[in-house]
Amino acid sequence: MGFEERTKKSKVIFEKAKKYLPGGVCYGSRYFEPYPLCIVKAKGSKVWDIDGNEYVDYWMDHSAAILGHNYEPVIEAVKEQLNNGPFFGYLNEEAVKWAEQVCKWFPSAEMVRPTNSGTEGNMYNIRLARAYTGRKKIGKFEGHWHGGYDALHKAVSYPFDKPASLGLTENQIKNTILLPFNDLDGVRERIKGEDLACMILEPVMGAGGFIPPENDFLKGLRELCDEKDILLIFDEVVTGFRFVGGAQKFYGVKPDLTTLGKTVGGQYFAGAGAICGRADVMEKIDHLKHPNFWERSFHGGTYTGNALVAKAGYIVMKELERRKDEIYPYLDKLGKRAREGLIDIFEKYGFQAYVTGIGSVFGIHFTRERPKDGLTVYRTKNLKLTTALHRFMLEHGVIYLSPSTAHFILSTAHTEEEIDTFLALVDKFIKEHKE
Ligand SMILES: Cc1ncc(COP(=O)(O)O)c(C=O)c1O
């Protein structure tokens with residue numbers, strides 16, 4: 001049976017969705033051809049669509065679900081919390097336990113505040129950096145993704161000189177200076193004469209397909225920021241729990257502030273995000289130290305630190321800490337198997353492609369240039385082939401986002417057999433598409 005024959009109900013749902021949701025989806029990035037599948041169930045490494053088809057998932061809830069879909073201890077903890085109430089609108093002990101655990105995990109986190117999303121975390125971190133330094137301008141790396149906050153919604157997609165969204169005023173983005181990833185000299189050059197409050201980046205560039213930092217780039221940035229009294233912000237919304245202690249511990253570079261999201265809220269829940277970092281910077285939020293509102297940086301929000309998300313986040317973080325010696329080597333092993341397997345396939349067929357990633361994430365790039373920054377990821381990308389791979393995988397029981405970026409996210413629920421099946425599919429695809 002063909003793909004469209006097998007996914008008829010998804011098509012019907014999508015047709016209805018288009019009537020009420022712009023583009024037929026809740027988030028544009030979730031659209032793919034011929035229509036987005038309507039997912040009704042998820043468990044471990046798999047998801048099921050409304051027609052009953054099973055897929056091995058390599059998107060894992062936008063990377064949040066490092067312990068797999070529908071992870072039982074989280075579900076149990078959430079049920080327990082629901083008995084007492086998910087949200088009170090007051091200080092709760094779950095939030096305090098959660099905060100302590102965040103500070104235990106990240107070397108740079110002396111204090112933390114919860115946010116409702118990664119986007120919101122970045123918004124508050126930028127504000128905090130401006131409040132602390134008294135400077136307006138910020139450095140943002142080309143191609144890096146930090147969510148939809150105005151000041152960071154610049155040079156997200158290629159070509160970088162186009163507005164990343166309509167509705168942004170010149171004032172909202174004019175203080176955002178664009179910087180090249182993995183090019184320290186380039187960064188130095190572009191910040192000449194600029195008085196920056198902060199530089200923000202994904203330590204491993206997730207947008208574009210998981211491009212790791214090269215040649216001590218992060219260390220170089222740290223030194224540069226120290227030299228110029230610029231705050232360094234790591235957006236660890238994806239990387240925070242993909243390494244023990246986050247990318248900051250893995251690469252041995254302490255940022256001043258960190259933004260978190262996804263996994264920090266227990267893998268599945270809205271209200272998942274955080275800002276954390278140096279106590280002297282975080283204290284700019286503190287109303288006890290700064291009783292006058294005009295002398296502090298605002299942070300808050302109705303659902304921030306609600307007991308349900310705090311409890312779920314705590315359970316996941318505790319589990320990652322308790323089983324770190326088993327979880328992370330396992331994830332690394334899976335990731336390595338995938339990356340090495342892919343390289344072997346491309347070499348075998350003499351096929352022009354690059355493999356990127358680290359730990360539990362990897363990307364396939366059909367490009368002529370080695371992807372090392374925003375430009376090289378996109379400039380010569382073969383979009384037709386990238387999209388064809390996505391469709392091919394869907395037809396063979398593998399799902400991921402997005403069709404235009406072949407990047408893949410693993411969880412502890414994935415198995416070596418699943419990786420081998422994935423590799424066999426890539427092999428078949430390349431064999432069919434080699435000139
Ligand atoms: C690195 C990074 N920062 C920020 C965000 C935004 O987080 P959220 O979607 O929770 O607003 C994302 C989301 O994909 C992300 O990957």
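Let me begin by describing the structure that accompanies this report. As the structure is a computational prediction, the values presented were derived from the model and not from experiment.

**Remarks on the sheet that holds strand β2 (residues 46–49)**
Line of reasoning, step 1. Sheet architecture is open: four strands sit in the order β1-β2-β3-β13, paired in mixed fashion. In this open sheet, the two edge strands, each paired with only one partner strand, are β1 (39–43) and β13 (398–399).
Line of reasoning, step 2. As defined by bridge partners, β2 adjoins strand β3 (residues 54–57) across three bridges and the pair is classed as antiparallel. Paired with W48 across the strands is E54, a residue of β3.

**Describing the site of the ligand**
Line of reasoning, step 1. Near the ligand, the surroundings consist of S117, G118, T119, N122, W145, H146, G147, E202, D235, V237, V238 and K262.
Line of reasoning, step 2. The backbone of G118 places a nitrogen or oxygen atom 2.9 Å from an oxygen atom of the ligand.
Line of reasoning, step 3. Between the ligand and D235, the relevant distance is 2.6 Å, taken from a nitrogen atom to a side-chain nitrogen or oxygen of the residue.
Line of reasoning, step 4. Here the ligand, which alone exposes 390 Å², has 83% of that area covered by the protein.
Line of reasoning, step 5. If one sorts the elements of the shell around the ligand by residue count, helix α5 (residues 118–133) sits on top with three residues.
Line of reasoning, step 6. Among the residues making up the shell around the ligand, the classes are represented as three nonpolar, six polar and three charged.

**A closer look at helix α4 (residues 93–105)**
Line of reasoning, step 1. With 13 residues, α4 should cover 18 Å at 1.5 Å per step; its first-to-last C-alpha distance of 19 Å lies within 8% of that length.
Line of reasoning, step 2. Of all the residues in α4, the buried ones are E94, A95, W98, Q101, V102 and W105. Across the axial projection of α4, the buried residues extend over an arc of 125°, all falling on one side. The exposed residues of α4 that point more than 90 degrees off its buried face are E93 and E100.

**Here's the deal with the side chain of S108**
Line of reasoning, step 1. Relative to the assigned elements, S108 resides in the loop between α4 and β4 (111–115).
Line of reasoning, step 2. Assessed through its relative accessible area of 5%, S108 is described here as buried.
Line of reasoning, step 3. In this structure the side chain of S108 is engaged in a polar contact, spanning 2.6 Å, whose partner is the side chain of Q248.
Line of reasoning, step 4. The residues contacting S108, other than those within four sequence positions of it, are Q248, K254, P255, T258, G277 and R278.

**A closer look at the packing of α4 against helix α11 (residues 307–322)**
Line of reasoning, step 1. Running from N to C, α4 and α11 point in directions that differ by 35°, and their axes come no closer than 8 Å. In this structure, α4 meets α11 at a crossing whose hand is left-handed. The residues of α11 that touch α4, namely those facing E94, A95, K97, W98, Q101, V102, K104 and W105, are A307, A310, K311, G313, Y314, M317, K318, L320 and E321.
Line of reasoning, step 2. Residues belonging to the contact of α4 with α11 are distributed by class as follows: nine nonpolar, two polar and six charged.

Criteria and thresholds
Residues numbered from 1 in each chain as written. Predicted model: local features only at pLDDT ≥ 70, side-chain atom pairs only at ≥ 80, totals over all residues. Heavy atoms only, no water. Pairing = 2+ DSSP bridges. Helix = DSSP H or I, 4+ residues; strand = E, 2+ residues; numbered from the N terminus. Near = heavy atom within 4 Å. Polar contact = N/O pair within 3.5 Å; in protein donor to acceptor, adjacent residues only side chain to side chain. Areas by Shrake-Rupley, 256 points an atom, 1.4 Å probe, with all protein chains shown as cover. Nonpolar A, V, L, I, M, F, W, Y, C, P; charged D, E, K, R; others polar. Expected span 1.5 Å × (residues − 1). Buried < 20%, exposed > 50% of the residue type's maximum accessible area, 1.4 Å probe, protein only. Arc of directions from axis to C-beta. Contact = heavy atoms within 4.5 Å. Axes fitted to C-alpha atoms, helices over the stretch in contact; angles between N-to-C directions. Left-handed = near helix turned anticlockwise from the far one by under 90°.

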